[in-house]
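Single-letter residue listing:
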Amino acid sequence: MNSGTELAPAVASILEAARERSGGETAVDVDARSLPDAIASAEADGRVPVIAEVKPTSPTAEGTRDDDPVELAEAMVEGGAAAISVLTEPSHFGGSPEALTRVREAVDVPVLRKDFVLEEAQMDVVEADLLLLIARFVDDLEGLIGAARERGFQPLVEVHDREELEAALEAGAAIIGVNNRDLARLEVDLETFESVAPHARRMTRLDESSGEAARPAPDDVTLIAESGVSSPADVRRMREAGADALLVGSAVMDHGAADSDVAANTRRLTRAEATGETSDDDGDGNGD
Ligand SMILES: O=C(O)c1ccccc1NCC(=O)[C@H](O)[C@H](O)COP(=O)(O)O
């Protein structure tokens, strides 16, 4: 773990809670739905690949949504989501492993387990198609990537800067999320993805003994822009910067408006590249 860097108090509290949570007793064995296939299928259908997040609340959310997670996930899929992310962290995000299991039974798209997994045994709490590993918070990233793959998970490795990206690629990550949220200050800045992502496409290394690429070729890395995407204009901005998919929670959940239409919120983003979009899509009232 990169313990030398500053963390927001809420994040320190999240990590403390994560360290205390126990793992499962036996290794799970997942038959995962492919995220790259789901992304390709959305693109073929003219939808922006969006991983929509069931996020009841968070340290930065404006409120809590107590809706049934299955109803939320089904609304997200109705709005064109290529995949679903489910927070399973209970004490700061209002999530649960049970919610993920119910969601995964109800939808046929890949489901990401969004949590703060620090140790191998914590992977065995619930089955999911994708498992988040946050590069900054784990000691043995390569070992955990291997352990996740042994169980059938597709590991999604989250990074925030170029150094973490390099570590993720070096550890063999093939699905990488660049988090626009700075976990030291909890501020979001879409420029993070724009500055970090191009390096994922450039970085490659040859294995000296075989001459083979020792990690995924740059074009084989699936790049996800995480956090802070709130409008169709943001979606297009992240796509222009090279995002294969976007992970969106707050803009879809719209925590401040309990009766907000989650399917419509999702559709607004998944249709951001559809031709003929003329609405005030950045929501600033200017119609630009
Ligand atoms: O969302 C938070 O407030 C938060 C606070 C501290 C650590 C992590 C946090 N979020 C986790 C996430 O990665 C996001 O839920 C996800 O990327 C979606 O972000 P957004 O679209 O900005 O809700």
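All figures in this text were calculated on a predicted structure; none of them were measured in a lab. (Residues numbered from 1 in each chain as written. Predicted model: local features only at pLDDT ≥ 70, side-chain atom pairs only at ≥ 80, totals over all residues. Heavy atoms only, no water.)

Engineer: Hey, could you run me through the site of the ligand in this one?
Structural biologist: Residues in contact with the ligand amount to 19 residues; listed here are only the nearest, Glu53, Lys55, Thr60, Lys114 and Ser250. Gly228 has a polar backbone atom sitting 2.9 Å from an oxygen atom of the ligand. Protein chains shield 97% of the accessible area of the ligand, which is 510 Å² for the free molecule. When contributions to the shell around the ligand are tallied by element, the ones reaching two or more residues are helix 1 (9-20) and strand 10 (245-248). Of the residues contributing to the shell around the ligand, the split by class is eight nonpolar, six polar and five charged. (Near = heavy atom within 4 Å. Polar contact = N/O pair within 3.5 Å; in protein donor to acceptor, adjacent residues only side chain to side chain. Areas by Shrake-Rupley, 256 points an atom, 1.4 Å probe, with all protein chains shown as cover. Helix = DSSP H or I, 4+ residues; strand = E, 2+ residues; numbered from the N terminus. Nonpolar A, V, L, I, M, F, W, Y, C, P; charged D, E, K, R; others polar.)

Engineer: Sorry, what's going on with the packing of helix 3 (residues 69-78) against helix 10 (residues 262-270) here?
Structural biologist: When two helices pack together, you describe them by how their axes are tilted relative to each other and by the distance separating the axes. Relative to each other, helix 3 and helix 10 sit at 35 degrees, their axes nearing to 7 Å. Note on packing geometry: the crossing formed by helix 3 with helix 10 is right-handed. Of the residues in helix 10, those touching helix 3 at Leu72, Ala75, Met76 and Glu78 are Val262, Ala263, Thr266 and Arg267. When the residues that make up the contact of helix 3 with helix 10 are grouped by side-chain class, the tally is five nonpolar, one polar and two charged. (Axes fitted to C-alpha atoms, helices over the stretch in contact; angles between N-to-C directions. Left-handed = near helix turned anticlockwise from the far one by under 90°. Contact = heavy atoms within 4.5 Å.)

Engineer: Even after reading the chapter, I still don't get the confidence of the model for the protein, so can you show me in this structure?
Structural biologist: Here the protein averages 91 in pLDDT, while 87% of its residues score no lower than 70. In the predicted complex, the global pTM is 0.92; the interface-specific ipTM is 0.98. (pLDDT = per-residue confidence, 0-100.)

Engineer: What exactly am I supposed to notice about the pairing of strand 4 (residues 130-134) here?
Structural biologist: Looking along a regular strand, one sees the side chains alternate between the two faces of the sheet. With five of five residues buried, strand 4 lies mostly within the body of the structure. Inspection of the sheet shows strand 3 (residues 111-114) paired to strand 4 by two bridges, in the parallel sense. Bridged to Arg113 within strand 4 is Leu131. Relative to strand 5 (residues 154-159), strand 4 runs parallel, the two sharing five bridges. Looking at the pairing, Leu133 lines up with Val157 of strand 5. With respect to chirality, the unit in which strand 4 leads through helix 5 (residues 141-150) into the neighbouring parallel strand 5 is right-handed. (Buried < 20%, exposed > 50% of the residue type's maximum accessible area, 1.4 Å probe, protein only. Pairing = 2+ DSSP bridges. Right-handed = clockwise from strand over helix to strand, strands pointing away.)

Engineer: What should I look at first to understand the packing of aromatic side chains in this one?
Structural biologist: Applying the stated rule across the entire model yields two aromatic pairs. Among the aromatic residues, those joined into a cluster by ring pairs are Phe93, Phe116 and Phe137. (Phe/Tyr/Trp six-rings, centres within 6.5 Å; stacked < 30°, edge-to-face > 60°.)

Engineer: I keep staring at helix 1 and nothing clicks. Help me out?
Structural biologist: Side chains that are three or four residues apart share a direction in an α-helix, a result of its 3.6 residues per turn. With 12 residues, helix 1 ought to run about 16 Å at 1.5 Å a step, and its terminal C-alpha atoms sit 17 Å apart, in line with that. All buried positions along helix 1 are accounted for by Val11, Ile14, Leu15, Ala17 and Ala18. Relative to the axis of helix 1, the buried residues are bounded by an arc of 160 degrees and lie together on one face. Residues of helix 1 that are exposed and point more than 90 degrees away from the buried face comprise Pro9 and Glu20. (Expected span 1.5 Å × (residues − 1). Arc of directions from axis to C-beta.)

Engineer: Would you explain the packing of helix 3 against helix 4 (residues 97-106) in this entry?
Structural biologist: Packing of helix 3 against helix 4 leaves a shortest axis separation of 9 Å and a crossing angle of 40 degrees. Judged by the inter-axis angle, helix 3 sits oblique to helix 4. Pair helix 3 / helix 4 crosses with right-handed handedness. Contacts between helix 3 and helix 4 pair Pro69, Val70, Ala73 and Glu74 from the former with Ala99, Arg102, Val103 and Ala106 from the latter. Taken together, the residues of the contact of helix 3 with helix 4 break down into six nonpolar, no polar and two charged. (Parallel < 35°, antiparallel > 145°, perpendicular 65-115°, else oblique.)

Engineer: So what exactly am I meant to see when it comes to the nonpolar core here?
Structural biologist: If you look at soluble globular proteins, the nonpolar side chains tend to sit buried side by side. Core analysis: the biggest nonpolar cluster contains 63 residues, and Met76, Ile84, Met123, Leu141, Ile176 and Leu246 have the highest contact counts within it. If we skip the residues at most four places from it in the chain, Ile176 touches Leu156, Val157, Val159, Leu165, Ala168, Leu169, Val221, Thr222, Leu223 and Ile224. One finds Ala8, Val11, Ile39 and Phe116 within the second-largest nonpolar core, a separate group that totals 24 residues. (Core = buried A, V, L, I, M, F, W, Y, C linked by side-chain atoms within 4.5 Å.)

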